[in-house]
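The chain contents come next:
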Amino acid sequence: MKKNILYILLGIFLLASCQQENEIPLGKGYLSVEGIELQSQMVTEVVSRAVDETLIVELWKGDTKIRVLSAQEMQDKIKLEVADDYYLKVYSENYGSESAWSNETKGEPVYYKEETFVVEDGKTTSLKIQVPMITFAVSLDLSEIMGDWLNDYSFVVTSDTRSVSLRDKEIAYFPYSEGTFFNYQLKIRNTDFEEKEQSGEWGKNEDETLNMNTLYTISYNWETQSLAIK
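Small disclaimer: the values here were computed from a predicted structure and weren't measured. Within any chain, residue numbers begin from 1 and follow the written order of that chain's sequence. It should be noted that, the model being predicted, local features are given only for residues of pLDDT at least 70 and side-chain atom pairs only at 80 or more, the latter also being counted only at that level, while totals for whole chains, interfaces and linings use all residues. Neither water nor hydrogens contribute to the side-chain values; these are computed over all heavy atoms in the structure.

A.B. asks: When you look at the overall build of the protein chain in this model, what are you seeing that I'm missing?
C.D. replies: Under the DSSP-based scheme used, a helix requires at least four consecutive residues in state H or I and a strand at least two consecutive residues in state E, with every element numbered from the N terminus. Scanning the protein chain from terminus to terminus reveals one helix and 16 strands. Contacts in the protein chain between residues at least 24 apart in sequence constitute 64% of all its contacts with a sequence separation of at least 6. All accessible areas in this document rest on Shrake-Rupley with a 1.4 Å probe, and a residue is counted as covered only by the protein chains that are shown. Surface exposure of the protein chain reaches about 13,800 Å², of which carbon and sulfur atoms provide 49%. Here, two residues are considered to be in contact whenever any of their heavy atoms come within 4.5 Å of each other.

A.B. asks: Honestly, the sheet that holds strand β3 (residues 55–61) in this entry has me stumped. Any pointers?
C.D. replies: Within a sheet, adjacent strands bond to each other through the backbone by hydrogen bonds, running parallel or antiparallel. The rule for pairing is simple: two strands pair if DSSP sees at least two bridges between them. With antiparallel pairing, the four strands of this open sheet are ordered in space as β4-β3-β6-β7. Edge positions in the open sheet fall to β4 (64–68) and β7 (112–119), since each of these has one partner strand only. Averaged over neighbouring strand pairs, the angle between their axes works out to 25° when direction is ignored. Pairing of β3 with β4 involves four bridges; the strand directions are antiparallel. Residue pairing in the sheet places E58 in a bridge with V68 of β4. Every axis in this analysis is a line fitted to C-alpha atoms, fitted for helices over the stretch in contact. Angles between the N-to-C directions lie between 0 and 180 degrees.

A.B. asks: What exactly am I supposed to notice about the nonpolar core here?
C.D. replies: Considering soluble globular proteins, one finds that nonpolar side chains tend to be buried as a cluster. Residues enter a nonpolar core if they are buried and are Ala, Val, Leu, Ile, Met, Phe, Trp, Tyr or Cys, with the set joined through side-chain atoms within 4.5 Å. A simple rule labels every residue: compare its accessible area, found with a 1.4 Å probe on the protein chains alone, to the largest value its type can have, and call it buried under 20%, exposed over 50%, or partly exposed in between. Judged by nonpolar contacts, the single largest core of 30 residues is most densely connected at L31, I36, L80, L88, V90 and F117. Ranked by the residues each element gives to this core, the list is headed by strand β6 (residues 83–92), at five residues. Once residues lying within four places of it in the same chain are set aside, the contact partners of V90 are I36, L55, I56, V57, Y111, Y112, K113, I129 and V131.

A.B. asks: Looking at this structure, I do not really get the pattern of salt bridges. What am I missing?
C.D. replies: Where charged atoms of side chains with opposite charge meet at close range, the side chains can pair. Should a side-chain nitrogen of Lys or Arg be within 4 Å of a carboxyl oxygen of Asp or Glu, the pair is scored as a salt bridge. Overall, the coordinates contain seven salt bridges when judged by the stated rule. The partner of E115 in a salt bridge is K113, and the shortest N-O contact between them spans 3.3 Å. When its relative accessible area of 25% is taken as the criterion, K113 is described as partly exposed. Put simply, D168 and K169 hold a salt bridge, and the shortest N to O gap is 3.3 Å. For K169, a relative accessible area of 48% translates into the label partly exposed.

Structure, rendered in structure tokens:
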């Protein structure tokens, strides 16, 4: 009988403790960052309940930056005042460096995303964020003509004011903005010292939309003796 009373009292104590832990103060809410996902056609990384160390995550309320959130902090719920003008600004450490890329620089993926959210009274707001690559990329594929037949070649990609030379399978990254396009030129010379030159462009026509977060591969088609883009 005494044991039963003891178990009942213990159960009441545990129930009261759980209620205190789950109680959210009046006028407060929580943010729970459940995951941040980096996606592109080249690489897909999924970070669950954590953030890659190369990412910066800023917490903003309106025009005011509250603080930078650490990976450890985002393992738990974040208590915030009730408001409807919060957002997270998530970006890679190299964000902004694309404006200084030169012709000799291949560039690299750059990620950026702003995610708005609302904190409601007594509730938890959960976020799963997909952060896109805000640059686009161009690659060269000469697999159909590489070998003894090919003596030498050169390939140049130009977008806005930057021109980058690429070798087979190399990738160059470029800043993206509305109206951006790129053109490319391939010069090849075979073992008989015959030379061919071909060029093209992408992004000027309506049916050739240039998108960020996309890899464009330029390849040489042996049958048609021409360049193709995919």
